[in-house]
Amino acid sequence: MAGPRNVNEKIDQALENENVTEIAEQLARLREDLAGLAKSVKALGVDATDEIKAQASRVTDEAINASTQAAQNVRDEFSALNQSLTEQVQKKPLQSIGIAVAVGFLLAVINRR
């Protein structure tokens, strides 16, 4: 392992051997490599962001479709219940009036308390 003395000695040797231009070239290449790496990381981040946005959009669309379907199912059930109730009232009007009176009486008793 190179200690501080060894590093300083190597720097001194490089300066003495006139390898300064070589070191400057290596530093320039290193800077270019780092800049390229930074661009690559940025591009990966943009790609990941686009993928996350696409997934969120798909999940949102699926949720909207599911809730629309559920709302339609509830409407269909209420429609069927309304139709059934209408048919029952038409078939047995006196019984329907009796049930309505009984329900009204029960609600009146409950409201008094």
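Residues numbered from 1 in each chain as written. Predicted model: local features only at pLDDT ≥ 70, side-chain atom pairs only at ≥ 80, totals over all residues. Heavy atoms only, no water.

Another aspect to go through is the overall build of the chain. Looking only at helices and strands, the chain features three helices and zero strands. Each helix and strand of the chain, ordered N terminal to C terminal, gives the series α-α-α. Out of the 113 residues belonging to the chain, those deemed buried represent 2%. Surface summary for the chain: the accessible area is close to 10,300 Å², and the carbon and sulfur share equals 60%. (Helix = DSSP H or I, 4+ residues; strand = E, 2+ residues; numbered from the N terminus. Buried < 20%, exposed > 50% of the residue type's maximum accessible area, 1.4 Å probe, protein only. Areas by Shrake-Rupley, 256 points an atom, 1.4 Å probe, with all protein chains shown as cover.)

This paragraph deals with a nonpolar patch on the surface. On the surface, a cluster of nonpolar side chains totalling about 470 Å² of accessible area is made up of Leu27, Leu30, Leu34, Leu37 and Val41. Looking at the secondary structure, you find Leu30 in helix α2 (residues 20–91). (Patch = residues over 30% accessible without salt bridge, like charges linked within 9 Å, V, L, I, M, F, W, Y side chains within 5 Å. Salt bridge = Lys/Arg side-chain N within 4 Å of Asp/Glu carboxyl O.)

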